[in-house]
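In case you want the letters, here they are:
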Amino acid sequence: MTAVLLAAPINATELDNRYEQTGTFSITVDGETQNLVIPYDTERDRAYAEQKFIMGSYLTIDVLGCSAGEDGKPGAPRVQETFQGLRNLGFQRSARSAG
């Protein structure tokens, strides 16, 4: 599995006006590429990507890429990617898939 995060928004799918697209998440499985969006819920002030420090030392970046459902809300398939590492010492990567 290969995943690529892109910072610039691309019109991969159509989300409802409630959501802003903050980026895209492209994943390739068995040679087939799926472009997912990284949404931001403006009504609930909820990001589908975040960066935080755990215990002051571990930087964690968590991103959830989704397709737009028929109702324009984030739907399946979804892929969640987590990057974690010590400050200035590199990152570890873990991938979770849902839907």
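Everything numeric here is computed off the predicted structure, so don't read it as measured data.

(A) Representation of the overall build of the chain. Within the chain, the regular secondary structure consists of 0 helices and 8 strands. Start at the N end of the chain and walk to the C end: the helices and strands fall as β-β-β-β-β-β-β-β. Taking all 99 residues of the chain together, the buried fraction comes to 29%. Excluding contacts between residues fewer than 6 apart, the proportion of contacts in the chain whose partners are at least 24 apart in sequence is 35%. Of the roughly 6,500 Å² that the chain leaves accessible, carbon and sulfur atoms contribute 47%.

(B) Quick look at the environment of Arg78. Assignment of secondary structure puts Arg78 in strand E7 (residues 74-86). Classification of Arg78 by relative accessible area gives partly exposed; the value is 25%. Taking the C-alpha atoms as reference, Arg78 lies 7.7 Å from Leu36; in sequence the two are 42 residues apart. Within the structure, Arg78 has its side chain in polar contact with the backbone oxygen of Pro74 (distance 3.0 Å).

(C) Focus on unusual backbone geometry. Going from Ala76 to Pro77, the amide bond is cis rather than trans, its omega being 0°. Although it is not a glycine, Asp45 sits at a positive phi angle of roughly 50°. Turning to its location among the elements, Asp45 is positioned in the loop between strand E3 (32-41) and strand E4 (46-47).

(D) How the structure looks around the packing of aromatic side chains. The final tally for this structure, using the stated rule, is 0 aromatic pairs. Over the aromatic face of Tyr48 sits the side chain of Arg46, whose NZ or CZ is 4.6 Å from the ring centroid.

(E) Structural detail: the side chain of Asp41. On the secondary structure map, Asp41 appears in strand E3. A distance of 3.0 Å separates a polar atom in the side chain of Asp41 from the backbone nitrogen of Glu43. Within the structure, the side chain of Asp41 is placed 3.2 Å from the backbone nitrogen of Arg44, a separation counted as a polar contact.

The rules behind these values
Residues numbered from 1 in each chain as written. Predicted model: local features only at pLDDT ≥ 70, side-chain atom pairs only at ≥ 80, totals over all residues. Heavy atoms only, no water. Helix = DSSP H or I, 4+ residues; strand = E, 2+ residues; numbered from the N terminus. Buried < 20%, exposed > 50% of the residue type's maximum accessible area, 1.4 Å probe, protein only. Contact = heavy atoms within 4.5 Å. Areas by Shrake-Rupley, 256 points an atom, 1.4 Å probe, with all protein chains shown as cover. Polar contact = N/O pair within 3.5 Å; in protein donor to acceptor, adjacent residues only side chain to side chain. Phe/Tyr/Trp six-rings, centres within 6.5 Å; stacked < 30°, edge-to-face > 60°. Lys NZ or Arg CZ within 6 Å of the ring centre and 35° of its normal.

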